Amino acid sequence: MWTETTCIFFNFSYIHPKLLRATGFTTRSDIGPARDADDIPEDRHAPPNKKHKQDKEDDEEDLNDANYDEFSGYGGSLCSKDPYDKDDEEADAIYDAVDKRMDEKRKERREEKLKIDIEKFRQERPKIQQQFSDLKRDLADVTVDDWNNLPEVGDARNRKQRVARTEKFTPVPDSVLARAAAQGSMNTSISEQDQKYGGINTPFGAITPIGSATPSADIDMKKIGQARNTLMDIKLTQVSDSVSGQTVVDPKGYLTDLQSMLPSHGGDINDVKKARLLLKSVRETNPKHPPAWIASARLEEVTGKVQAARNLIMKGCEECPKSEDVWLEAARLMPGDQARAVVAQAVRQLPQSVRIWSKAADLETELKTKKRVFRKALESIPNSVRLWKQAVELEEEEDARIMLSRSVECCPTSVELWLALARLESYENARKVLNKARESIPTDRQVWITAAKLEEANGNSHMVERIIERALNSLRANMVEINRDHWIRDAEDCEKSGSIITCQAIIQAVISVGIEEEDRKHTWMEDADSCAAHQAYECARAIYAFALAEFPSKKSIWLRAAYFEKNHGTRESLETLLQRAVAHCPKAEVLWLMGAKSKWMAGDVPAARSILALAFQANPNSEEIWLAAVKLESENNEFERARRLLQKARASAPTARVFMKSVKLEWCLGEIRNAEILLDEAVKHYPDFAKLWMMRGQIQVQAGKREVARDSYNQGLKKCPQAVPLWLLLSRLEETVGQLTRARSILEKARLKNPGTEELWLEAVRVECRAGLKNIANTLMAKALQECPTSGMLWAEAILMEARPQRKTKCMDALKKCEHNPHVLLAASKLFWCERKLSKARSWFNRTVKIDPDLGDAWAYFYKFELAHGDEKEQEDILKRCLAAEPHHGDNWCAVSKDISNWRLKTEELLPLVAKSLPIPT
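Residues numbered from 1 in each chain as written. Predicted model: local features only at pLDDT ≥ 70, side-chain atom pairs only at ≥ 80, totals over all residues. Heavy atoms only, no water.

(A) Looking closely at the overall build of the chain. Helix and strand content of the chain: 53 helices and two strands. Going through the 922 residues of the chain one by one, you find that 34% of them count as buried. Counting every atom, the chain has about 59,800 Å² of accessible surface; 52% of that belongs to carbon and sulfur. (Helix = DSSP H or I, 4+ residues; strand = E, 2+ residues; numbered from the N terminus. Buried < 20%, exposed > 50% of the residue type's maximum accessible area, 1.4 Å probe, protein only. Areas by Shrake-Rupley, 256 points an atom, 1.4 Å probe, with all protein chains shown as cover.)

Here's what the structure looks like:
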């Protein structure tokens, strides 16, 4: 038998398979391979899949001119007719791997390019969705009233379409009705015409008369019309009176029927039926189960069947006469008089039920009857505190005192009754009442606290502390745990009620209870902050006093107490505390400075000088005290004394700040030559102090020596390459002389020296904006946000650089990146101002100044906003808050405040100047 290889080698013996099949020969393709069925197939040499005839026809070569290309020839595969074997498959896999590898090498570049093209396309032609995104966000702020007030859409149809033609009805004559009746009837006799012409066949050409189909004489249409009119008259007579036209329908029954028809229950009727069936099963299974009767009655009430509900609940009262819930439900469902009768039956069944007696009193309308009900109730239940309290509330003061005297006898363990009686008694009787209360309830702290408040109210302050101590000892003796949190809360309540001495005594007695030795300071500071947050300032003051008595040399406690007095106390209390503080901590410079500033702000300059003199004695070489003394003298126009102090300071404590203050004083006074001499000496001693080089360059710029100033800045940058303000000054100097390229290179060099500095990126963007090169500015801003993604200054500038429709979207992105940044909040405030959303702008300005009260630009914009859209009261409020905050930062604020001509201006004078210099945002 031949194999395929034999056929390949011996071509002369090859016979086409069709011919073999035609003559009955059998080939290898007919009987399969020469292998056993159990042999393992060799997949590596498996023959390729055969193609169907249709696939062969599809793979035929297309030699059409439309499929021809000059470079690649005819389209399609050149080897499509050849068999596809394992080698071809392996080659295709290798080529696919190579293509995939080459595709991966260019994938990032291609995707990045595609992303840039898409962003550019979207910027040039934004989607309608993006254009209206800000308006969609505004929909979140639309209230329900705004939705309801939207105008209705008008009808755009013409009048002919709007006004539909009314249907016209024409009464049908009786003849038509008669004809219709005749068509549907059957004749039982033959007419004369039928008899004459033979049957019912009509002769040719004859016309059948209309009367041949007339019904019998029993139907009279006239009588039918009369009957119809009579029936209508009867119906109208039933509804109305024939004389006056008044209704004769029973109004009560009619309204009752209407009420029963109201669909008060919105659920499915099948659910109601199922619930009714289930509850009926529960009632029949266990008729003594009160909740079943209550649930059944409420189901009927919900479905609008109030009478059925009343009947069910009364049956429930019969089945469960000892259930107060059933009686109370019955009283609720019944109308007034019937409810009182139901409650009377309930009282007879349950005379010890407090809730039923209270319900009985609530059903009464007259005060006298209510009192009578409560007295009967107290006769039955004399030990009910609730009934006593409700009864006492109805009485006058004298009668209430008598009733309370009786109530404490019946309920000796009720603290509320004892305290209420003590409040109504005189001082002596109240003491007796409280003593009896302590004997009856030895484990309650409220009685002791009330006794202490009583003594304080009557001027016996020395007894308060003793009572609180006895209270703690008595409670401990009765095995009561002393919870300091509860006692501190009681102290806060005492302060709110005006018992200051009692509150301080409680704090001193319990503040140390249950605290470890090493946790005392930390815990007490937390307690003081908590009391201050609850506006219990006397409690916080008492905690600070106790802590200072325990830790008199702790500077941190003195400082916190001083700041507390500064914020919540008076000037006298602050100065008294600071005097004690400097006596215990003489080396704490900040305490001396706070005391001197307090005197100075009060106008007592000699006292401030004396405090600083004492501070010099305690801290002879303190830079802070020297500079405070210089500021005190310069602010009071004692410039010669300030110069002498600075000269002494340079001799005894020669620091960089002392030299800087000396130069600034000479510069402010116009002594430029003295300032330059001091600067030359200062930069020799402190060459790495950047502010000295900055001042030197600014003085030279002011004198017109730009080249010398450039040299000074460059020298300073060699010594202080990390000083960002120095780089900014040099860049602005080059920009003012028109060297824009040099300014760019300086800023780029500064960014290389100080990477990730938002001020340098912001200045680079503003340089391009000032030059009118907005495209370059946008590119720089994108790079800046990539390097500093959480910079509020950059995001705020990016918001203002956007076109007006895109600002809100940019603002949302900025708030996601840095939600609580004051610069972003300020930009959002200006955005609302531009859109004339004044209330929103005001609230956002408030948020900005609360988050960062030191940002002067925010205060200036806020003040300008109120000048434009607020009243005098709001403007004064902003001015006062700004004075309390004393801002020092902000580009626009510093440009005005650090101008040498404004060196003596205060905050209240600077704020209007800065606000005036600001443009209105557009």
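(B) Region of the structure containing the side chain of S353. Its location among the elements puts S353 in the loop between α19 (336–349) and α20 (354–363). Given a relative accessible area of 7%, S353 falls into the buried group. Excluding residues within four positions of it along the chain, S353 makes contact with E324 and I381. (Contact = heavy atoms within 4.5 Å.)

(C) Highlighting the pattern of salt bridges. For the structure shown, the criterion picks out 52 salt bridges. Two residues, E319 and K288, come together in a salt bridge whose shortest N-O distance is 3.7 Å. Taken as a pair, E319 in helix α17 (residues 306–319) and K288 in the loop between α15 (269–285) and α16 (290–302) lie far apart in primary sequence, 31 residues in all. For R710, the salt bridge identified is with E734, shortest N-O distance 2.5 Å. Residue R710 is located in helix α41 (residues 706–719), and its partner E734 is located in helix α42 (residues 724–736); the two are separated by 24 residues in the primary sequence. Of the two residues, R710 and E734, both sit in the buried class. A single network of salt bridges, built from pairs that share partners, joins R298, E301, E329 and R332. (Salt bridge = Lys/Arg side-chain N within 4 Å of Asp/Glu carboxyl O.)

(D) Structural view of the nonpolar core. Counting 128 residues, the largest nonpolar core has I356, W487, I506, I507, W524 and L591 as its most contacted members. Sort the elements by how many residues they give to this core and helix α31 (residues 537–550) lands first, with eight residues. Membership of the second largest hydrophobic core comes to 84 residues, among which are I699, A777, I900 and L911. (Core = buried A, V, L, I, M, F, W, Y, C linked by side-chain atoms within 4.5 Å.)

(E) Structural context of helix α48 (residues 822–834). In this model, α48 (13 residues) spans 18 Å end to end at C-alpha, consistent with the 18 Å of a helix rising 1.5 Å per residue. Those residues of α48 not exposed but buried are P822, V824, L825, L826, A827, A828, S829, K830, L831, F832, W833 and C834. The secondary structure elements touched by the buried residues of α48 are α46 (792–801), α47 (807–817), α49 (838–851) and α50 (856–869). The backbone nitrogen of H823 has a side-chain oxygen 2.9 Å away, supplied by the residue at the start of α48, namely N821. Looking one or two residues past α48, R836 carries a phi angle of roughly 65°, positive in sign. (Expected span 1.5 Å × (residues − 1). Polar contact = N/O pair within 3.5 Å; in protein donor to acceptor, adjacent residues only side chain to side chain.)

(F) Structural detail: the packing of aromatic side chains. By the definition in use, this model includes 12 aromatic pairs. The structure contains a cluster of three or more aromatic residues connected by ring pairs, namely W833, F845, F862 and F865. Over the ring of W761 we find R751; its NZ or CZ atom is 4.3 Å from the centre of that ring. Directly above the ring of W903 sits R904, whose terminal nitrogen or CZ lies 5.8 Å from the centroid. (Phe/Tyr/Trp six-rings, centres within 6.5 Å; stacked < 30°, edge-to-face > 60°. Lys NZ or Arg CZ within 6 Å of the ring centre and 35° of its normal.)

(G) Quick peek at a nonpolar patch on the surface. Where nonpolar side chains cluster on the molecular surface, the patch consists of I94, V98 and M102 and spans about 250 Å² of accessible area. Residue placement: M102 occurs in helix α5 (residues 86–105). (Patch = residues over 30% accessible without salt bridge, like charges linked within 9 Å, V, L, I, M, F, W, Y side chains within 5 Å.)

(H) Region of interest: a negative patch on the surface. A contiguous patch of negative charge, built from D82, D85, D87, D88, E90, D92, D96 and D99, is present on the exposed surface. Positionally, D87 belongs in helix α5. (Lys, Arg positive; Asp, Glu negative; His and termini not counted. Charge placed at Lys NZ, Arg CZ, Asp CG, Glu CD.)

(I) Quick peek at the confidence of the model for the chain. Summing up the model confidence of the chain, the mean pLDDT is 81 and the portion of residues at 70 or higher is 81%. Model confidence for the chain, summarised as mean pLDDT per element, is weakest for helix α1 (residues 4–9) at 37 and strongest for α49 at 94. Contacts of residues 199–217 to residues separated by more than four positions or lying in other chains number eight contacts, the stretch itself having pLDDT below 50. Here residues 241–249 scores under 50 on pLDDT; set against residues more than four positions off or in separate chains, the count is eight contacts. (pLDDT = per-residue confidence, 0-100.)

(J) Unusual backbone geometry, seen in detail. A positive phi angle, near 60°, is found at M479, a position not held by glycine. By the element assignment, M479 lies in the loop between α27 (462–477) and α28 (484–496). A positive phi angle, close to 50°, is found at E886, a residue other than glycine. Secondary-structure assignment places E886 in the loop between α51 (872–885) and α52 (891–897).

(K) Representation of the side chain of E395 within the structure. Inspection of the secondary structure puts E395 in the loop between α22 (385–393) and α23 (397–410). Using a relative accessible area of 11% as the deciding quantity, one classes E395 as buried. One polar contact links E395 to R375, side chain to side chain, over a distance of 3.3 Å. Every residue in contact with E395, bar those within four places of it in the chain, is listed here: K371, R375, A400 and M403.

(L) Here's a closer look at the packing of helix α18 (residues 324–333) against α20. The N-to-C vectors of α18 and α20 enclose an angle of 15°; their axes lie 10 Å apart at closest approach. By the criterion of interaxial angle, the relationship of α18 to α20 is roughly parallel. For the crossing formed where α18 meets α20, the hand is left-handed. When α18 is examined against α20, the residues E324, D325, W327, L328 and A331 are found in contact with a partner set consisting of R355, I356 and K359. Grouping the amino acids of the contact of α18 with α20 by side-chain chemistry returns four nonpolar, no polar and four charged. (Axes fitted to C-alpha atoms, helices over the stretch in contact; angles between N-to-C directions. Parallel < 35°, antiparallel > 145°, perpendicular 65-115°, else oblique. Left-handed = near helix turned anticlockwise from the far one by under 90°. Nonpolar A, V, L, I, M, F, W, Y, C, P; charged D, E, K, R; others polar.)

(M) Region of the structure containing the environment of K719. Note that K719 resides in helix α41. Separated by 29 residues in the primary sequence, K719 and A690 place their C-alpha atoms 8.1 Å from one another. Once you skip the residues sitting within four places of it in the chain, K719 turns out to touch P687 and W693.

(N) Region of interest: the packing of helix α40 (residues 690–702) against α42. Remark: α40 packs on α42, axes separated minimally by 10 Å, with the N-to-C direction vectors making an angle of 20°. Our classification of the angle between α40 and α42 gives roughly parallel. Where α40 crosses over α42, the two elements pack in a sense that is left-handed. In this structure, α40 contributes W693, M694, Q698 and V701 to the contact, and α42 contributes P725, L726, L729 and L733. Per-class residue counts for the contact of α40 with α42 are seven nonpolar, one polar and no charged.

(O) Quick look at the environment of C531. Summarising the element assignment, C531 is placed in helix α30 (residues 520–533). In sequence terms C531 and R489 are 42 residues apart; their C-alpha atoms lie 8.9 Å from each other. Other than its neighbours up to four places away in sequence, C531 contacts I488, E492, A536, C539, A540 and I543.

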